[in-house]
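Given next are the chains, with one letter for each unit.
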Amino acid sequence: MFNGKKTIVGVMLIVCGLIAGLVIASNFNIQNQSSAQAKEVSPQSRDVLVQLSNAMAEVADVVKPSVVNISTQKTVDTKDNQMGRFFDDPMFKKFFGDESPFHMPKKYESRALGSGVIIKEDGYIVTNSHVVKDVDEIKVILADKTEYKGKIIGADPKTDVAVIKIEAHGLPVIKMGDSGKMRVGEIVIAVGNPFGLNQTVTMGIVSAVGRSEVGIADYEDFIQIDAPINPGNSGGALVNANGELAGINTAIFSTSGGYQGIGFAIPSSMVKSVMDKLIKSGKVIRGWLGVNIQPLTPELAKSFGLKEKDGVLIADIVEGGPAEKAGIKRGDLIVSFDGKDASNTRQLRNLVANTPPGATLDLKVIRDGKEVAFKVKVGELPDIKQAAAETPSSTEFSNRLKGVSVQDLTASIRERFNFPSKVSGVIVTNIADDSAAFNVLKQSDIIQEVNRKRVNNVREYDSIVSAIKAEEDILLLVYRGSAYSYVTITGKK
């Protein structure tokens, strides 16, 4: 009997425990549900995000009607490219015949897409020069899907800016902003037509300003952004929080061909200056000093005995140019141009380029440790056209340039390697393994000076080099990787 009662009591205790556990668990779940329900976005945070979202949408609504799709078409002659010449080679035809499966048509139509921004209500549109380069036909599609035929008013490859026009009136015009006020970290919006997807809007920040030495154009002062842009965005709008044009999207840094977080836009200040000149005269007339310049490094400052940390070093003077006429010499350090500091090569080049030819301005240099002032009458940047044939040097030297092959820097070579128009000299095509210059020079280097003597073509190069003795060290001024530098061939490999 006792054992039975004990058993009953035990069962009752277990049941009570289970009930208590269920009650506790239920209360716990209720509390958890209450806690979960209590985790809501605060009104303050929600208001900030809603305001930001509404603001971005409003900016996009203001800007999108001014951004257009540009579709181009051109006829490509396969004889003009390497692959076409390969398939036309007699040895190739000997084995495969004219009707081989690899046969390429003599000509074919190539199509490409880009973007543009309406800058005048009567049909003027700004885009990239590379978007409309050498095209036969331009089709412009507005935001409302209306199509027009476009014509090129002018293009400036040196800044990658072009202006085209359509026959239309009353178009929505974008408001010009002041790119000089752009700050790193500022929110920007990119609008364009990546991969032909019309009216695409992306957002990011300004990653850097004043980017140069990128190798995209001769005159560079890019705004670097992380707003996603892709092929087809070229020529599209980069706008600030006020819906104003801050720049024209022009290129991305990519190892895959797609967006990787680094994009570049031409600042609106440069765009406005170039487009105004293109509309007025169809071309851009720039100022010119007639100097070749390079950055001042600590090593160069020490070599030249300079105490200054900022300035632009003159590596060469163009004979008969404005600088030579004013008395400026190679080795001078330019510290001021027209009362503005010349702290780097990009800044000086842009200052000179924006100066009207014929203007006489003050220029200050450091020479032999002293500041010297000059009056310089700025010239007009010449349109350099190489007329020489692609003639390689056939002279065999007995000095330390033995084994170095060079040829004239022609227009076709310049275009092939995208060399700036200011660069002249002879291009290195090969260096023999046993040459003293093997570890000093590289293929595609441009030799501009030999032992401080200017070289413009193979004939001058042969004349200067042939007079150098066998064991004599040779000083060269070369252009490599978008910069000038002095190198010495000493014979030590």
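Keep in mind that what you see is a predicted model, and the values were worked out from it rather than measured. (Residues numbered from 1 in each chain as written. Predicted model: local features only at pLDDT ≥ 70, side-chain atom pairs only at ≥ 80, totals over all residues. Heavy atoms only, no water.)

Peer 1: What is the right way to look at the side chain of lysine 165 in this model?
Peer 2: Of note, lysine 165 is situated in strand 6 (residues 161-165). Notably, lysine 165 is buried but unbridged: the nearest opposite-charge side chain belongs to glutamate 167, and the N-O separation is 4.0 Å. Of note is the side chain of lysine 165, whose polar atom sits 2.9 Å from the backbone oxygen of aspartate 122. In this structure lysine 165 touches Asp122, Gly123, Tyr124, Lys149, Gly150, Lys151 and Ile153, once residues within four positions along its chain are discounted. (Helix = DSSP H or I, 4+ residues; strand = E, 2+ residues; numbered from the N terminus. Buried < 20%, exposed > 50% of the residue type's maximum accessible area, 1.4 Å probe, protein only. Lys, Arg positive; Asp, Glu negative; His and termini not counted. Salt bridge = Lys/Arg side-chain N within 4 Å of Asp/Glu carboxyl O. Polar contact = N/O pair within 3.5 Å; in protein donor to acceptor, adjacent residues only side chain to side chain. Contact = heavy atoms within 4.5 Å.)

Peer 1: I keep staring at the pairing of strand 20 (residues 370-377) and nothing clicks. Help me out?
Peer 2: One face of the sheet, then the other: side chains in a regular strand alternate in exactly this way. Where strand 19 (residues 360-367) meets strand 20, eight bridges bridge the pair, whose relative direction is antiparallel. Bridging from a neighbouring strand, leucine 363 pairs with phenylalanine 374 of strand 20. Linking two consecutive strands that pair antiparallel, namely strand 19 and strand 20, is a turn of two residues; a positive phi of about 55° is found at aspartate 368 within it. (Pairing = 2+ DSSP bridges.)

Peer 1: I would appreciate a short explanation of helix 8 (residues 345-353) in the present structure.
Peer 2: Three- or four-residue spacings in an α-helix give side chains the same orientation, since the helix completes a turn every 3.6 residues. Among the nine residues in helix 8, seven count as buried, and that is most of the element. Those residues of helix 8 that fall on the buried side of the exposure criterion are Thr345, Arg346, Leu348, Asn350, Leu351, Val352 and Ala353. Sitting at the amino-terminal end of helix 8 is asparagine 344, which places a side-chain oxygen 3.3 Å from the backbone nitrogen of arginine 346.

Peer 1: Looking at this structure, how should I read the environment of valine 184?
Peer 2: Here valine 184 is to be found in the loop between strand 7 (175-176) and strand 8 (187-192). Exposure remark for valine 184: the relative accessible area of 57% places this residue in the exposed category. Considering only alpha carbons, one finds valine 184 and isoleucine 225, 41 residues apart in sequence, at a separation of 9.2 Å.

Peer 1: Would you mind showing me how to read a negative patch on the surface here?
Peer 2: Residues Glu109, Asp134, Asp136 and Glu137 make up a contiguous surface patch of negative charge. Mapped onto the elements of the fold, aspartate 136 is located in the loop between strand 3 (124-127) and strand 4 (137-141). (Patch = residues over 30% accessible without salt bridge, like charges linked within 9 Å, V, L, I, M, F, W, Y side chains within 5 Å. Areas by Shrake-Rupley, 256 points an atom, 1.4 Å probe, with all protein chains shown as cover. Charge placed at Lys NZ, Arg CZ, Asp CG, Glu CD.)

Peer 1: Hey, could you run me through the pairing of strand 12 (residues 244-252) in this one?
Peer 2: Judged by how many residues are buried, strand 12 sits mostly within the fold: eight of nine residues are covered. Here strand 7 runs beside strand 12; their pairing, made up of two bridges, is parallel. Each residue of the ladder has a partner; that of lysine 175, found in strand 12, is glutamate 244. The sheet contact formed by strand 11 (residues 237-239) and strand 12 spans three bridges and is antiparallel. Following the sheet pairing, leucine 238 is matched in strand 12 by glycine 247.

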